[in-house]
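A closer look at the structure
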Amino acid sequence: MVIASVPEIEQFIAAQPVIDTHEHTFSEADRRQKPLDLLSTEMHHYVGSDLVSAGMTPDEQALMYDRSRDPADRWDVFLSYWKYARTTGYAKALHIACRDLFGVDDLMSAAPSLDGYRRVNEQLTASQQHEAWYRYILRERGNIVLAIPDVQSTQVDKTLFAPAIRFDSFVSVGSRAGVSALERQTAQTIYDLDDLVSALGVAFAKAKEEGMVTVKSGLAYRRILQYDNVPRAAAEQVFAQVVAGTRAQGGGMTQDGLTFTECKPLQDYMLHQVVRLCIEHEIPMQIHTGLHAGNGNVITNSNPTHLVNLFIQYPQARFDIFHAGYPYQSELATLAKNFQNVYVDLCWVHIISPYVARATLHEWLETIPHNKIFGFGGDYGPVELAYGHSVMARENIARVLSEKVEEGLYSEDQARIVGARLLHDNANEFFGLGQENLVQ
Ligand SMILES: [Zn+2]
């Protein structure tokens, strides 16, 4: 295994403009308003789940997040689990952000200082006065020319962002209150399944008009990714119960929503409608697969192989499959190798496991034509951590391409071409972002 990169390739990858396929970037206006703190969930993001995974209790977590408590106590409780979690990929991204952007370099050490924590917080607060902090971090520090945020809004700075929009609330609607919310959102009246599909069409067209470049589906957090091709009548029957807002139970009526088993035919049917709209409007679809953020979910639900019937039924659709399907990255490779309409995305993966990101990229470059691989998506709320992640992604990609060169598989030129495709040109073409390609 080569540890150091070929210097020329490292320099090329370090300097290359990036299109970032996936972020959850907080609104910059909101960020200016609220107090910022390294120990808040907003600032350290995924690290919080590693602390829980390491053993942090709900009470300790509440103390850590409570800004009214003594910072020294909060820092102490953080350190009692950080000492175990500081070796993860999530921790590394946080460390890089604090080191490069705030000059605090001791986070990965055995005893990071309270003083460093205070200094990061002071600089976070100062950054709220910066007139274009996001542009500075993403563009100037990260050389990220465009990112695709999944923030359920098209009202983003279009010079930095090209939005993804979810229609999951149309798919997973399972209660009368859910129907009413969709009616308000779309200004449509929804009496039956036809109305629901038509309201979805209205919302979709509006989002496209407002600049949506891709649909995003995050339903793998709540259900299995198997979306059967159910008869319309079955979906209609379920939706009639949802709209009625009541259902018979032991002779009485309840106001509860339906269970997942009851709702599944409706959800499956509606997801197919979303895919059909994507085809009609020539918009690609990003799908969450693999690991779930947070703690305590069901990984088998999100195996990308559950999606295979969609890939077969909709050859005209284009699917961007997220997170390498981790830990199903090899299953995903077989899907992308088999199906022309399946593209694979390393978003989130360089911080889940830098080692797996490199191994996966090696495997994918051998199995999948490289026009179908997206090399980076930060998947972060805070731009500072998206930057930290981008540093790790560049390092990983430079190392893999260097290994290809050292093994005599690629010329340096070939490595540059592949690097440009992975980090910029593939996403530019796939999402129709209108940037100039780096290589022709
Ligand atoms: Zn995400």
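Residues numbered from 1 in each chain as written. Predicted model: local features only at pLDDT ≥ 70, side-chain atom pairs only at ≥ 80, totals over all residues. Heavy atoms only, no water.

What follows is about the nonpolar core. In terms of nonpolar packing, the biggest core is built from 127 residues, with Phe167, Leu196, Phe239 and Leu266 touching the most fellow members. The leading source of residues in this core is helix α19 (residues 383–406), at 11 residues. Summarising the domain contributions, this core has at least three residues from each of domain 1 (37–127) and domain 2 (139–430). Beyond its immediate chain neighbours, meaning those up to four positions away, phenylalanine 167 contacts Leu200, Ala203, Phe204, Ala207, Met212, Val215, Lys216 and Val274. (Core = buried A, V, L, I, M, F, W, Y, C linked by side-chain atoms within 4.5 Å. Buried < 20%, exposed > 50% of the residue type's maximum accessible area, 1.4 Å probe, protein only. Helix = DSSP H or I, 4+ residues; strand = E, 2+ residues; numbered from the N terminus. Domains from an automatic or database assignment. Contact = heavy atoms within 4.5 Å.)

So, about the coordination of the zinc ion. A four-donor tetrahedral metal ideally has 109.5 degree angles, and a six-donor octahedral metal ideally has angles of 90 or 180 degrees. Distances from the zinc ion to its protein donors, His22 (NE2), His24 (NE2) and Asp379 (OD), fall at 2.0 to 2.1 Å. Mapped onto the polypeptide sequence, the residues donating to the zinc ion form the spacing pattern H-x1-H-x354-D. Separated by 357 residues along the polypeptide, histidine 22 in strand β1 (residues 18–23) and aspartate 379 in the loop between β10 (373–374) and α19 bring together distant segments of the chain. For the pair shown, histidine 22 and aspartate 379 are each scored as buried. (Donors = N, O, S within 2.8 Å, 3.2 Å for Na, K, Ca; no water.)

This paragraph deals with the domain arrangement of the protein chain. Domain parsing of the protein chain yields domain 1 (37–127) and domain 2 (139–430). The straight-line distance from the C-alpha centre of domain 1 to that of domain 2 is 30 Å. In this complex, domain 1 contributes 19 residues to the contact, which on the side of domain 2 involves 21 residues. Across the interface of domain 1 and domain 2, roughly 1600 Å² is buried in total on both sides, 64% from carbon and sulfur atoms. Per-residue buried area on domain 1 facing domain 2 is highest for Tyr46, Tyr90 and Leu101; these three make up 32% of the total on that side. (Buried area = accessible area lost by both parts, 1.4 Å probe.)

Our next topic: the packing of aromatic side chains. Scanning the model with the defined rule gives 17 aromatic pairs in all. Ring plane angle 50° and centroid distance 5.2 Å describe the contact between tyrosine 46 and tyrosine 380, whose orientation is recorded as tilted. Remark: tyrosine 380 occurs in the loop between β10 and α19 and tyrosine 46 occurs in the loop between α3 (41–44) and α4 (47–54); sequence separation between them is 334 residues. Pair check on accessibility: tyrosine 46 and tyrosine 380 agree, each one buried. Above the ring of phenylalanine 12, the side-chain terminus of arginine 416 is found at 5.8 Å from the ring centroid. (Phe/Tyr/Trp six-rings, centres within 6.5 Å; stacked < 30°, edge-to-face > 60°. Lys NZ or Arg CZ within 6 Å of the ring centre and 35° of its normal.)

All right, on to the pattern of salt bridges then. In this structure the tally under the stated criterion is 22 salt bridges. Taking the shortest distance from any N to any O, the salt bridge between glutamate 183 and arginine 176 comes out at 3.3 Å. Measuring nitrogen to oxygen at the nearest pair gives 3.2 Å for the salt bridge that ties lysine 206 to glutamate 210. Accessibility expressed as a relative area gives 26% for glutamate 210, which makes it partly exposed. Through salt bridges that share partners, Asp150, Arg166, Asp168 and Lys216 make up one connected network. (Salt bridge = Lys/Arg side-chain N within 4 Å of Asp/Glu carboxyl O.)

The next thing to look at is the packing of helix α11 (residues 176–186) against helix α12 (residues 193–209). Where α11 meets α12, the axes come as close as 10 Å, and the angle between the chain directions of the two elements is 40°. As far as their axial angle goes, α12 and α11 are oblique. For the crossing formed where α11 meets α12, the hand is left-handed. Residues Leu182, Gln185 and Thr186 of α11 form the contact with α12, whose own contacting residues are Leu196, Ala199, Val202 and Ala203. Residues of the contact of α11 with α12, tallied by class, amount to 5 nonpolar, 2 polar and no charged. (Axes fitted to C-alpha atoms, helices over the stretch in contact; angles between N-to-C directions. Parallel < 35°, antiparallel > 145°, perpendicular 65-115°, else oblique. Left-handed = near helix turned anticlockwise from the far one by under 90°. Nonpolar A, V, L, I, M, F, W, Y, C, P; charged D, E, K, R; others polar.)

For an α-helix the count is 3.6 residues per turn, leaving residues at separations of three or four pointing the same way. For helix α16 (residues 329–338), the set of buried residues is Gln329, Leu332, Ala333, Leu335 and Ala336. Viewed along the axis of α16, the buried residues span an arc of 165°, placing them on a single side of the element. With respect to the buried face of α16, the exposed residues turned more than 90 degrees away are Lys337 and Asn338. Against α15 (308–313), β8 (319–321), β9 (342–345) and α18 (354–367) lie the buried residues of α16. (Arc of directions from axis to C-beta.)

The residue after tyrosine 326, namely proline 327, is reached through a cis peptide bond having omega 10°. One non-glycine residue, glutamine 152, lies in the positive phi region at around 55°. Structurally, glutamine 152 can be placed in the loop between β2 (144–149) and β3 (164–166). Non-glycine residue tryptophan 348 carries a positive phi angle of around 75°. By the secondary structure assignment, tryptophan 348 is in the loop between β9 and α17 (349–352). Owing to a relative accessible area of 0%, tryptophan 348 belongs among the buried residues under this scheme.

What follows is about the confidence of the model for the protein chain. Looking at the protein chain as a whole, the pLDDT averages 94, with 96% of positions reaching at least 70. Here residues 248–254 is a poorly scored stretch, pLDDT under 50, and it has 8 contacts once near neighbours within four places are set aside; other chains count. (pLDDT = per-residue confidence, 0-100.)

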